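# What the coordinates show
Letter by letter, the chains look like this.
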Amino acid sequence: QMNFFRMTLNAILLFSILTMFSSCNGQNQNTKSFSETTINIDDTVLELDKRIWVIFQDKNNNYWFGSNGNGVYYYDGKTLKQYTTKNGLSSNAIRGIQEDKSGNIFFDTPYGVTKFDGEKFISLKPARSPNNQWKSEPDDLWFKGNGDILGAYRYDGDSLYLLKFTAFNPQANTPAYGVFGIYKDKLGNIWFGTLSAGVCRFDGVSLNWMYEKELSVLDDGRVPAVRAIIEDKDGFFWFSNIISRYKIQHNDSKAQKTIKYEKLKGIDSFQQQVKMELPYFNSAVTDNANGDLWMTNYSEGVWKYNGEKLINYRIKDGETDVLIISIYKDNQGLLWLGTNNAGVYKFNGETFEKFRP
């Protein structure tokens, strides 16, 4: 059991190194505000890359699969196409995919944000917001940026703005405030998970911080980072771990710098038949059927929590353990997995099976 724990721990550390490396390379600072490249519509391929980290379905039900090193794959149900830096992407390492109200697709990469308007790729150059003015509109898109910029990027439909945090501790101007996760809650608040400074919430007016030990550097030296933030069906918040869940209280004063909350016990692993070796997850969604919480933590498969039981789905590619990066819920409520070594998996109602376009 100890050997297994060490193997699992090494896998988590490897994942942390991969993510930090990809996020700290800096955005491409071209002198132009953007650059355009028209796509080659004949870039058809037969299969997906093995390292698919991001999955997204657009409004027209087309799928986009973002890889870690070989660009993005587009699948319309019939044809699979691949686009890379040769077609205009800022980088071949995809860290996030979003769509705006006009149907444009945006790719978050370690070297900048790329917009696809259906015909061409446009690399966006971030601009500094005057006086670091934090704003939020319902149709805004938010991007992680880099682990070394201590803030995030906001796209308002016209421009991409770099916004820096007003840190909970202004003296701690360190990479601890680098963004690793972004989440929009049911009320429209934007949450940012950081490397080791806890979480920050932007309510459209002010930035409020929350810090707990499990959201920072652990006693054994690990830095899990807050990669996933999710609000469950009962309104409780989970921050990348099953140790605690939080009841967030309304701030009466907009000038308040910290979030009011009640810290509650998360999932009692001692009462579970199947135990999670490392109580941290890197991605999570709630399903449409019952609002159950589905989580992944890289080398231990998928974990489902229905409010009482913790259920584990071990995923294998032949004899090899599948290393899971992300879980995604599509427009129809179907669950998908992005992996670091085995392509894409899809839930069939009973188990996760390999997806082959």
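None of the values given here were measured: they were computed from a predicted structure.

This part covers the overall build of the protein chain. Secondary structure assignment for the protein chain yields 1 helix and 31 strands. A total of 357 residues make up the protein chain; the buried ones form 55% of that total. Across the protein chain, contacts joining residues at least 24 apart in sequence account for 52% of those joining residues at least 6 apart.

For the rest of this paragraph, the subject is the sheet that holds strand S17 (residues 207-210). The antiparallel open sheet is built from 4 strands, whose spatial order is S14-S15-S16-S17. Looking at the sheet topology across the chains shown, the edges are occupied by strand S14 (179-184) and S17. Across this sheet, the average inter-strand angle for adjacent strands is 20 degrees, counted without regard to direction. Judged from the 4 bridges that link them, strand S15 (residues 190-194) and strand S16 (residues 199-202) form a sheet pairing that is antiparallel. Residue pairing across strands places Gly193 opposite Val199, the latter belonging to S16.

Turning next to the pattern of salt bridges. Counting across every chain of the model gives 11 salt bridges. Among the salt bridges present, the one from Asp139 reaches Lys101, with a minimum N-O distance of 3.6 Å. You can see Asp139 sitting in the loop between strand S10 (127-128) and strand S11 (141-143) and its partner Lys101 sitting in the loop between strand S6 (96-99) and strand S7 (105-109), a full 38 residues away along the chain. Look at Lys101 and you get exposed, because its relative accessible area is 64%. Here Asp321 and Lys316 are joined by a salt bridge, their closest N and O atoms 2.6 Å apart. Asp321 gets classed as partly exposed once you look at its relative accessible area, which sits at 36%.

If you look at the biggest cluster of nonpolar residues, it comprises 28 residues, and the most contacted ones within it are Trp64, Phe65, Ile97 and Phe107. Within the residue set of this core, elements represented by two or more residues are strand S2 (52-57), strand S3 (63-67), strand S4 (72-75), strand S5 (80-83), S7 and strand S28 (324-329). Sorting elements by how many residues they give to this core places S2 first, with 5 residues. Once you skip the residues sitting within four places of it in the chain, Phe65 turns out to touch Leu48, Ile52, Val54, Ile55, Gly71, Val72, Tyr73, Tyr75, Trp336, Val344 and Phe355. Counting 25 residues, the second-largest nonpolar core is a separate cluster that includes Trp191, Met210, Ala228 and Leu293.

Here is what the cut-offs are and how they apply
Residues numbered from 1 in each chain as written. Predicted model: local features only at pLDDT ≥ 70, side-chain atom pairs only at ≥ 80, totals over all residues. Heavy atoms only, no water. Helix = DSSP H or I, 4+ residues; strand = E, 2+ residues; numbered from the N terminus. Buried < 20%, exposed > 50% of the residue type's maximum accessible area, 1.4 Å probe, protein only. Contact = heavy atoms within 4.5 Å. Pairing = 2+ DSSP bridges. Axes fitted to C-alpha atoms, helices over the stretch in contact; angles between N-to-C directions. Salt bridge = Lys/Arg side-chain N within 4 Å of Asp/Glu carboxyl O. Core = buried A, V, L, I, M, F, W, Y, C linked by side-chain atoms within 4.5 Å.

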